[in-house]
Amino acid sequence: MVQETLLAAWRGRDRFAGKSSVRTWLVGILKHKIIDHIRKEIRDRKLSEAVKSDPTSSLFNADGSWIEAPENWKENPQELCENEQFRHVLQGCIAKLPEKQQIVFRMREISGEDTETVCKEAEITPTHLHVLIHRARLALRTCLEFYWFGGRRS
Amino acid sequence: MNHFCREASQLQSDAFERQLTLSEHIRLRIHLLICEACRNYADSLKLLNSFFHNLRKQVQQDEGITLPDSDRERIKEALSRTSDSAG
Ligand SMILES: [Zn+2]
């Protein structure tokens, strides 16, 4: 259901093409609907975190070094914020995250909830939250490097 | 040889979530001095962090502008009451 909502939001992105403001895109699609829905999901059933949702094994060698070294991103966050195409790519990358990572990441970075609130809502410990956020950041960065910072501009 | 990059990536994310211990902080700083890949990772996390910060700021500003009329009336009333009692 969460996936469907995200997919609907992702497919509906064309309707916002042209004059979409950050507010219509973010408040309308991401913030209220999805966060509320997500909270209900958490209450209704305990979400489990699959083993394969740990991206560190595919990003690091056994000796702890990067398999593929992160590239240097040269972008201005304010310009990125106004770049509609980037927001669509970002939305797509967030939607690819495993369910639980996606939930805590959205609450933390988009809704701006504090650690305590997120832990309470998702029924996890701060340590667990830190691991989930770390995995989400790694996966998101890899996705953005592929779809935005790497391939599409070179 | 054992590399610190995997641990460094967790610490860099944690630094946005909690205060690192002194030893974590020092180990991370030293590693960043010698590892370009982790410096790039650090920069991209900072970029994403300010991106989300900007987004939230814009949303807050937009929401402030679009307060429902009923709320705006209540705020105006409350403000006038405050200035009445102050004066
Ligand atoms: Zn490193």
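Residues numbered from 1 in each chain as written. Chains lettered and ligands numbered in written order. Predicted model: local features only at pLDDT ≥ 70, side-chain atom pairs only at ≥ 80, totals over all residues. Heavy atoms only, no water.

1. Details of the interface of chain A and chain B
- Contacts between the two partners involve 46 residues from chain A and, on the opposite side, 33 residues from chain B.
- Overall, the association of chain A and chain B removes approximately 3500 Å² of surface from exposure, summing both partners, and the carbon and sulfur fraction of that is 62%.
- At the surface where chain A touches chain B, the tally comes to three salt bridges.
- For Glu17(B), the salt bridge goes to Arg137(A), with nearest N and O atoms at 2.9 Å.
- For the pair chain A and chain B, the number of links is eleven residue pairs in polar contact (both at pLDDT 80 or more).
- Per-element tally for the side of chain A that touches chain B: the top contributor is helix H8 (residues 126–150) of chain A, with nine residues. (Contact = heavy atoms within 4.5 Å. Buried area = accessible area lost by both parts, 1.4 Å probe. Salt bridge = Lys/Arg side-chain N within 4 Å of Asp/Glu carboxyl O. Polar contact = N/O pair within 3.5 Å; in protein donor to acceptor, adjacent residues only side chain to side chain. Helix = DSSP H or I, 4+ residues; strand = E, 2+ residues; numbered from the N terminus.)

2. So, the confidence of the model for chain B
- The share of residues in chain B with pLDDT of 70 or more is 71%, and the mean pLDDT across the chain is 83.
- Predicted as a complex, the structure gets a pTM of 0.71 and an ipTM equal to 0.72. (pLDDT = per-residue confidence, 0-100.)

3. Some details on helix H1 (residues 5–14) of chain B
- Counting buried residues in H1(B) gives seven out of ten residues, a clear majority hidden from the surface.
- Of the residues making up H1(B), those classed as buried are Cys5(B), Ala8(B), Ser9(B), Leu11(B), Gln12(B), Ser13(B) and Asp14(B). (Buried < 20%, exposed > 50% of the residue type's maximum accessible area, 1.4 Å probe, protein only.)

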